[in-house]
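# Fold and contact review
The lines below spell out each chain.
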Amino acid sequence: MQKICHSRLALLLAFVIFTAIAVTARAEEFKPARWIAPPADRATNAAGPLFRKEFVLAGKPRAATLRIVGLGDYDVRVNGRRLAATGINQPWSQYEQTLYYRDFDLTPHLVDGTNCVGVMLFNSFWHNPNPPAGRYNKDGPQRTVTEPYLLNAAITITQEDGSDASFGTDASWHTAEGPITFSHIYAGEDFDARLQLPGWDIAGFDDRDWQPAREAAALPTGKLETQFWPNMSAFDCQSPVSVKSPEPNVFLYSYPQNMAAQLRVELEGGKSGDRVSFRCGEHKNDKDRLFGAYIVGCEIVTDGKPLTHQWVSFYLGMQFVEVTGAVPAGHANPQGLPVIRRLELVNVRAGLPEAGTFRCSSELYNGTHRIIDAAMRANMSWVMTDCPHREKLGWLECSYLLAPSFQYRYDSRAWLAKIARDIRDAQETSGRVLTVAPSYPAGKFPDDFNWTVEWGAAAVMTPWLHYEWYGDPQILRDNFDMMRRFTDYIQTNAKDGLAPGGLGDWYDYGHGQPPGPSRFTPTELSATATWGLCALTVARAAETLGRPDDARKYRELHARIAADFRRHFQDPATRKLRHNGSPQCANAMALCAELVPSADRALLVDDIIADLEQRGWQQTPGDIGHVYFIRALAQAGRSDILHRVYSRDGTGSYGGILKKGMTSLPETWDAIMDGYQSLNHCMLGHVMEWYYGYVAGIRQPPGGVGWQKILIAPNPGALANAEATLQTPAGRVVSRWRTDGKTFRLETEIPNGVEATAILPSGTPKPLRSGAQTLMEPVVGTN
């Protein structure tokens, strides 16, 4: 039982201690006294250790800031008030290179007199040992350290008289074990209500049984830098749409949306020591039981009192929760188990502001937009994860192949810059960039899963796509060396002019084989095409930065790559490219990387269309080739073909995925539900780029940068109407069109200070002025 101490002597001593350690460092200097950790006998087995510090203020301060790093993750409170919506606050990073700190404004939370700051630490990628048998982990451990829990914090206070005082973490802080008894980035979070310490984060709490914090010996080496992109936060909350009991004492809660979420539960009744188990996942069978390779189980031990608890630092992509050890309210309860008053999923993600909206007359298109957007939100974490459960890793191909899709939907400027920084920090001295950044599993994944050209190319393409969209060349200045070194590294590994093949067009479709590495497209072809695109992009970046020698060098490299590409893959007689059953990916990548002569471009486009037609308009590209497939056809003026492809609702299409009842985009084109393939994966969501850029028609012209030049060029297909809005760096853009079969009507909104052109479906260009404007023309083929 805790005791509240109010002695004047305690207040006086606390004030003396605070005054003695006060320093005059300004808030922008992060120089806390020490890294602190739990005592040595608890350093490696603690789960959710608590730290606290009381301090006295002679008057309410004018301003106060807490600057903090908490490894692996942390939840911070001041005077009993939580400062963040979740305990997901420490960014994942290449920790040995960069550690990000976060500033919290304490001014409204501090009082005249005694104050208290409290911090709880959790597991994250900083230290990710293998969990106990039976709990999920992703091929771990990804990363282990000698100090699993570390805290570094500084509080800077400006008094009313303008004087500053600062103090930081040191051995005067106290620590104890908390109610989180298990914490793991993959395997979940357990909570024991009996171990709660009410008031531990409030001044006056009796912490005489706590131990002094230990000043850590093994210190992090990463440079401390400020977090500059949106935080992880909590958003909408979902209640179950059904609760079923597939077996006695087992209850399955089903939710309307597959999403990245934290579990929140309200319990009452039962007795102290009752154990309530929650198994969480996204695959359920026809008997309403969860199954699959990455189910995560968590546990709450009750204290016999009413309880509301939400996961603090753990989150998971899920749609179903299986409960044992408790009963839903209103159900028979002969064993007197705890009663579940409420069980909710709280959506968590990085708080990227929305930038764009899209809607049209096709409910299939709208539904596709909805499930892709759901997967994008679920994978907006400290990195762009490819799924929020099985992996939680920054597989790099998504960060550039999906960049425009994210940019159309969300303000991704700072987030993509952080991802580029992760890649830069993870780049090896040779110039090589592995498949994942931050590179926690470096060297631990086998063979091509560790290093593949098409994944490492994010080192080149992510900064360039950021520059094209936002128009700030600083992203190129920061990353040009990384871009150049990666492109050069491929050259050191090329054989006879070909980049080394790896995973290739991962999860391509239509060959009748299980999903996996490329079947239709030679992996050396997609790797070499990607290398060519990298060389071309580095040349363009060099031109932007005023580096003519580098620009010439990489233009010449691109020309050599193109010649070798054609020598190996282009038939000199037919001018077609070699493939293994479908030319869609091979042709599209060659076109987008500008590896074939201009005279051959129409032939390769026609070859794609011929293959589509004989397949009933089934696309075959996978993770790598799909976005190039879209761009190659759209840029060739063949969005009519893409309307055919994306209006399908059979197996292997977006419409087929919707017919299966998916609420987020799955990992495979045919939505395989085998318990291993993810049902919340953004990697095939590239059509978002086409919806905004070609169906609604909002895009930059070729060579456009920063939206200083804007095209509104809709491709209606068989649609009756479409509308998109986009907050660009230059201002808000709107394209709103409709047709009755006789007249096409386009309404636009254009910001000031840009050059804008509309291209109507007939091909007629029209200059657009700033503000609102309406254009009309007869539909082609009508009188």
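Refer to the preceding data block for the structure.
Residues numbered from 1 in each chain as written. Predicted model: local features only at pLDDT ≥ 70, side-chain atom pairs only at ≥ 80, totals over all residues. Heavy atoms only, no water.

## Overview of the overall build of the chain
Helix and strand content of the chain: 16 helices and 33 strands. The C-alpha atoms of the chain give 28 Å as radius of gyration, which agrees with the globular expectation for 783 residues (28 Å, within 12%). When the backbone C-alpha atoms are referred to their principal axes, the chain occupies close to 90 × 65 × 55 Å. For the chain, the proportion of its 783 residues judged to be buried stands at 61%. Within the chain, counting contacts between residues at least 6 apart in sequence, those at least 24 apart form 74% of the total. (Helix = DSSP H or I, 4+ residues; strand = E, 2+ residues; numbered from the N terminus. Rg over C-alpha atoms; globule rule 2.2 N^0.38 Å. Buried < 20%, exposed > 50% of the residue type's maximum accessible area, 1.4 Å probe, protein only. Contact = heavy atoms within 4.5 Å.)

## What about the side chain of threonine 158?
Looking at where threonine 158 falls in the secondary structure, it is placed in strand E8 (residues 150-158). At a separation of 2.9 Å, a polar atom in the side chain of threonine 158 contacts the side chain of aspartate 164. Residue contacts for threonine 158: discarding those within four places in its chain leaves Pro61, Arg62, Ala63, Ser163 and Asp164. (Polar contact = N/O pair within 3.5 Å; in protein donor to acceptor, adjacent residues only side chain to side chain.)

## Regarding the sheet that holds strand E2 (residues 50-57)
Spatially, the six strands line up as an open sheet ordered E5-E4-E7-E2-E10-E13, and their pairing is antiparallel. Lying at the two open borders of the sheet, with one neighbouring strand each, are strand E5 (81-82) and strand E13 (211-212). Relative to E13, strand E10 (residues 174-176) runs antiparallel, the two being bridged by two bridges. Looking across to E13, one finds that histidine 174 is bridged to proline 212. (Pairing = 2+ DSSP bridges.)

## Side note on the pattern of salt bridges
When charged atoms on two side chains of opposite charge get close, those side chains can pair. This structure, assessed with the given rule, holds 57 salt bridges. Its salt-bridge partner being glutamate 247, residue arginine 289 comes within 2.6 Å of it at the nearest N-O pair. With a gap of 42 residues between them, arginine 289 in the loop between strand E19 (272-281) and strand E20 (296-303) and glutamate 247 in strand E17 (residues 242-247) connect regions that are remote in the sequence. The salt bridge partner of glutamate 543 is arginine 555, with a shortest N-O separation of 3.0 Å. Of this pair, glutamate 543 sits in helix H9 (residues 523-544) while arginine 555 sits in helix H10 (residues 548-569), placing them 12 residues apart in sequence. Taken together, the shared-partner salt bridges connect Lys138, Asp139, Arg390, Glu391 and Glu667 into one network. (Salt bridge = Lys/Arg side-chain N within 4 Å of Asp/Glu carboxyl O.)

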